[in-house]
Amino acid sequence: MISKIFVLSWIVSGALSTVAVPAAAATTHYDGRTEYRAPKADAAPVIDGVADEAVWQEAKWQDLKHRWLGPEFSADDFEGRYKVVWTENKIYILGEFVDDVLIDTYRDPLVQYWDDDCLEIFIDEDFSGGDHQYNHNAFAYHMSLDNQAIDIGTDKSPRNYSHHVESHWKQQGNNIIWELAIDIYTDSYDDESETNVPSSLAAGKVMGLMVAYCDNDGSELRENFIGSESVPYGPKDRGWIDAGLFGSLVLVDSR
Ligand SMILES: [Ca+2]
Ligand SMILES: [Ca+2]
Ligand SMILES: [Ca+2]
Ligand SMILES: [Ca+2]
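Residues numbered from 1 in each chain as written. Chains lettered and ligands numbered in written order. Predicted model: local features only at pLDDT ≥ 70, side-chain atom pairs only at ≥ 80, totals over all residues. Heavy atoms only, no water.

**Student:** I keep staring at unusual backbone geometry and nothing clicks. Help me out?
**Tutor:** Across residues other than glycine, the phi torsion is negative in most instances, and most of the peptide bonds are trans. Phi angles above zero are rare outside glycine, and Phe127 is one such case at about 50 degrees. Tracing the chain through its elements places Phe127 in the loop between β8 (118-124) and β9 (139-143). You will see that Lys156, though not glycine, has its phi angle at about 70 degrees, which is positive. Among the secondary structure elements, Lys156 is positioned in the loop between β10 (149-152) and β11 (158-160). (Helix = DSSP H or I, 4+ residues; strand = E, 2+ residues; numbered from the N terminus.)

**Student:** Hey, could you run me through the coordination of the calcium ion (ligand 1) in this one?
**Tutor:** When a metal holds four donors in a tetrahedron, each ideal angle between them is 109.5 degrees; when it holds six in an octahedron, the ideal angles are 90 or 180 degrees. Protein ligation of the calcium ion (ligand 1) involves Val46 (O), Asp48 (OD), Val50 (O), Glu53 (OE), Glu53 (OE), Glu179 (OE) and Glu179 (OE), the donor distances falling in the range 2.3 to 2.8 Å. Sequence positions of the donors to the calcium ion (ligand 1) reduce to the motif V-x1-D-x1-V-x2-E-x125-E. In this pair, Val50 sits in the loop between β3 (35-39) and β4 (62-63) while Glu179 sits in strand β13 (residues 175-182), placing the two residues 129 residues apart along the sequence. Exposure remark for Val50: the relative accessible area of 24% places this residue in the partly exposed category. (Donors = N, O, S within 2.8 Å, 3.2 Å for Na, K, Ca; no water. Buried < 20%, exposed > 50% of the residue type's maximum accessible area, 1.4 Å probe, protein only.)

**Student:** Which parts of the structure should I look at to understand the side chain of His164?
**Tutor:** Within the secondary structure, His164 sits in the loop between β11 and β12 (165-172). Residue class for His164 comes out buried when judged on its relative accessible area of 1%. For His164, the side chain forms a polar contact with the side chain of Tyr141, separated by 2.7 Å. Within the structure, His164 has its side chain in polar contact with the side chain of Tyr189 (distance 2.9 Å). (Polar contact = N/O pair within 3.5 Å; in protein donor to acceptor, adjacent residues only side chain to side chain.)

**Student:** Sorry, what's going on with the coordination of the calcium ion (ligand 4) here?
**Tutor:** Coordination of the calcium ion (ligand 4) by the protein is provided by Asp99 (OD), Asp99 (OD), Val101 (O), Asp117 (OD), Asp117 (OD), Asp215 (OD), Asn216 (O) and Asp217 (OD), with metal-donor distances spanning 2.2 to 2.6 Å. Counting the intervening residues between successive donors of the calcium ion (ligand 4) yields the motif D-x1-V-x15-D-x97-D-N-D. Here the calcium ion (ligand 4) and the calcium ion (ligand 2) are spaced 3.8 Å apart, with Asp99 acting as a shared donor. Of this pair, Val101 sits in the loop between β7 (91-99) and β8 while Asn216 is found in the loop between β14 (206-215) and β15 (224-227), placing the two residues 115 residues apart along the sequence.

**Student:** I tried to follow the pairing of β13 on my own but got confused; where do I start?
**Tutor:** Here is the key point about a regular strand: its side chains alternate between the two faces of the sheet. Of all eight residues that make up β13, seven are buried, and the element is covered over most of its length. Across seven bridges, β7 lies against β13 in antiparallel orientation. Counted as the bridge partner of Leu94 is Glu179 from β13. Bridge count for β12 against β13 is eight bridges, and the pairing is antiparallel. Along β13, the bridge assignment pairs Gln172 with Asn175. Joining the antiparallel neighbours β12 and β13 is a turn of two residues, in which Gly173 adopts a positive phi near 60 degrees. (Pairing = 2+ DSSP bridges.)

**Student:** Just checking my understanding: could you explain the pattern of salt bridges for this structure?
**Tutor:** Oppositely charged side chains can pair when the atoms bearing their charge come close. The tally for this structure, following the rule as stated, stands at 14 salt bridges. As a salt-bridge pair, Arg159 and Asp155 come within 3.3 Å of each other at their nearest N and O atoms. A relative accessible area of 21% places Arg159 in the partly exposed class. Residues joined in a network through salt bridges with shared partners are Asp155, Arg159, Asp191 and Glu192. (Salt bridge = Lys/Arg side-chain N within 4 Å of Asp/Glu carboxyl O.)

**Student:** Would you mind going over the sheet that holds strand β6 (residues 78-86) with me for this structure?
**Tutor:** Strand pairing in a sheet relies on backbone hydrogen bonds, with the paired strands running either antiparallel or parallel. As summarised here, the arrangement of the five strands in space is β4-β6-β7-β13-β12, forming an open sheet in which the pairing is antiparallel. Each having just a single partner strand, β4 and β12 make up the two edges of the open sheet.

**Student:** I tried to follow the nonpolar core on my own but got confused; where do I start?
**Tutor:** General note: in soluble globular proteins, nonpolar side chains tend to be found buried as a group. The biggest cluster of nonpolar side chains holds 45 residues, and the ones touching the most others in it are Ile91, Ile121, Tyr141 and Ile182. Counting residues per element, the ones that place at least two in this core are β3, β6, β7, β8, β9, β13, β14 and β16 (247-252). With six residues, β13 is the single largest residue contributor to this core. Not counting chain neighbours up to four residues away, the residues in contact with Ile121 comprise Ile93, Phe139, Ala140, Tyr141, Met143, Leu180, Ile182, Leu209, Met210 and Val211. Among the nonpolar cores identified, the runner-up in size contains 14 residues, and Ala138, Ala140, Met210 and Val231 belong to it. (Core = buried A, V, L, I, M, F, W, Y, C linked by side-chain atoms within 4.5 Å. Contact = heavy atoms within 4.5 Å.)

In structure tokens:
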């Protein structure tokens, strides 16, 4: 169970009673979440893997620094950080990564996609936290090197959500520059409908966001899983289930 349940015990009529009292809204997320304040973009960035839009200069970097799975790794093996900006229609993420070997062993996008090099974008439209394994309380877009977005559907099977995410990356020197434009859907998203409408966004909105990278350099299974948020206890690779791990993304008019 999530932290911040205050357990009060006292003696009532000679019997020991225990009552769990949630500590206000803090019950939805774990301690130590980051807050990212994303500036608004007057014009949407062009998704081309080239970060030459001026608005990117206004957003701050956030590191992927939490090693969730795998052994210690060097800065040549993996380094990652990201920025976020937004418009009324979408959020935009700029990722900058070092990865010494890029690999796409499982070419079927729906097979073992987390064991290829894979950028994971976790989004919870209303920062509700909670379980999102087989529902759309939150999305966990697994971005493959061929720019496809995969998550588990309500039918408990992997599905292709590439129509939610425009994605393009380019190798520049030692770095991978990855730009993404993402439609934001609420928890009422219906996998069987073709008329889901993305939410429109406004300053002051708070969403849940977490970014992670699965690094594989030639092994059968991913070698490392590195994320932007800490996992204080329990299995560290459960962002695809537990939206209480996500940080907050606050949409602001300017930095
Ligand atoms: Ca661009
Ligand atoms: Ca690597
Ligand atoms: Ca939610
Ligand atoms: Ca790799």
